[in-house]
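Fold and geometry: a report
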Amino acid sequence: MELVSLTLFHDYTFPVLQSFLRRLKIWVNLLNPTLLLSSDVSSNHCSDSILWDEWKVPDVYLVILLSSFTGDSDEFMSTCFFSAFLPISGPLVVASLLPHSTVKPALFWQFLLQSYSAGFNYANRNSSSEQGYNISLKQLLLITGTVSYTTCAGALPQIFINRLGLRSSAVQTFFRSILPIPLSATLAFFNVLTVRSEESETGIQVFDHNGNPVGMSKAAGEKAVWETALSRAALFGMTAAIPNLLVLLMKRSFQRNSLLVAPLRHISAALVLGLMIPVSFSLFPQLGTIKREQLEEELQAAAVGRHLFYHRGL
């Protein structure tokens with residue numbers, strides 16, 4: 001199969017994907033689980049069917065292009081980590097937000113969630129600076145350390161409640177409903193920042209407006225990682241905030257029927273996560289831009305135009 005060229009991606013998706021609403025529409029279609037059946041669609045068919053007027057590119061072909069190929073190479077994306085993000089992460093997020101009675105289940109669900117998040121972040125990184133396909137020892141240690149740290153940190157509210165013997169309803173409310181909100185956002189941000197730290201250290205490939213590679217830029221790598229980390233913090237922060245605050249607001253209404261609290265928390269968490277995934281993925285364009293003067297001096301001399309482009313990853 002002849003793979004889609006980087007120039008084709010630049011020429012036909014950049015003008016369209018700069019619009020937040022258009023990106024959101026594409027991501028809503030892209031996260032449809034039925035797209036898992038689109039793996040047999042050839043890239044030749046996609047490229048031949050794209051109209052020359054980039055503002056009229058059919059969304060279905062943009063979806064196939066984005067879901068089938070990584071941004072920085074001609075490798076196929078893993079459908080397990082990409083198209084199935086909601087079905088896999090949904091139960092993990094809901095379970096991790098539950099008010100557990102002991103520390104062990106809190107650690108267990110946090111471990112599963114943080115492991116999947118680290119794997120998703122690594123699978124959807126910008127690997128343009130890497131040599132070969134084998135994971136390095138440094139990257140393996142980074143992923144292991146990130147999962148271990150975020151697992152323990154994510155279970156801190158339950159650890160405090162159990163180890164300190166907290167019985168006050170106000171204190172338990174703080175640790176179960178308030179603290180998880182900034183904690184979830186911070187851990188999601190940290191997960192992306194550490195797992196993809198190599199992009200900031202070694203740089204990622206930047207391109208001019210014609211899709212020609214200019215060089216490896218650490219500034220672009222840092223910008224790409226920070227944008228992705230912010231979008232992930234928004235995703236998990238809002239997913240923790242809305243269900244917990246909703247339960248707090250409705251607490252008086254459920255005093256007579258406390259059995260409704262758990263279904264409300266579960267359903268609202270799943271709904272918010274499902275809505276926030278395409279929104280968070282759309283916050284920043286997949287094809288990011290960086291000003292010429294923000295690049296390294298050696299790249300500024302070789303660059304053409306005021307802006308250069310890079311693949312942000314996901």
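Residues numbered from 1 in each chain as written. Predicted model: local features only at pLDDT ≥ 70, side-chain atom pairs only at ≥ 80, totals over all residues. Heavy atoms only, no water.

Direction vectors running N to C along helix α6 (residues 103–123) and helix α10 (residues 180–195) enclose 45 degrees, while the axes themselves pass 9 Å from each other. In terms of their interaxial angle, α6 and α10 are classed as oblique. With respect to the hand of their crossing, α6 and α10 are arranged in right-handed fashion. Residues Q114, S117, A118, N121 and Y122 of α6 lie in contact with α10, whose contacting residues are L187, N191, V192 and V195. Residue classes in the contact of α6 with α10 are distributed as five nonpolar, four polar and no charged. (Axes fitted to C-alpha atoms, helices over the stretch in contact; angles between N-to-C directions. Helix = DSSP H or I, 4+ residues; strand = E, 2+ residues; numbered from the N terminus. Parallel < 35°, antiparallel > 145°, perpendicular 65-115°, else oblique. Left-handed = near helix turned anticlockwise from the far one by under 90°. Contact = heavy atoms within 4.5 Å. Nonpolar A, V, L, I, M, F, W, Y, C, P; charged D, E, K, R; others polar.)

All right, on to a nonpolar patch on the surface then. A cluster of nonpolar residues, I135, L137, L140 and L141, forms a patch on the protein surface that exposes about 400 Å² of accessible area. Tracing the chain through its elements places L141 in helix α7 (residues 137–154). On the basis of relative accessible area, L141 is assigned to the exposed category, the value being 57%. (Patch = residues over 30% accessible without salt bridge, like charges linked within 9 Å, V, L, I, M, F, W, Y side chains within 5 Å. Areas by Shrake-Rupley, 256 points an atom, 1.4 Å probe, with all protein chains shown as cover. Salt bridge = Lys/Arg side-chain N within 4 Å of Asp/Glu carboxyl O. Buried < 20%, exposed > 50% of the residue type's maximum accessible area, 1.4 Å probe, protein only.)

F85, L235, I277 and F281 are the most contacted members of the largest nonpolar core, which totals 24 residues. At the level of secondary structure, the elements contributing two or more residues to this core comprise α2 (20–30), α5 (85–96), α6, α10, α12 (218–249) and α13 (261–282). Ranked by residue count, the leading element in this core is α13, at six residues. Beyond its immediate stretch of four places on either side in the chain, L235 contacts F85, L273, M276, I277 and S280. Residues V214, I290, L299 and A303 belong to the second largest nonpolar core, which totals eleven residues. (Core = buried A, V, L, I, M, F, W, Y, C linked by side-chain atoms within 4.5 Å.)

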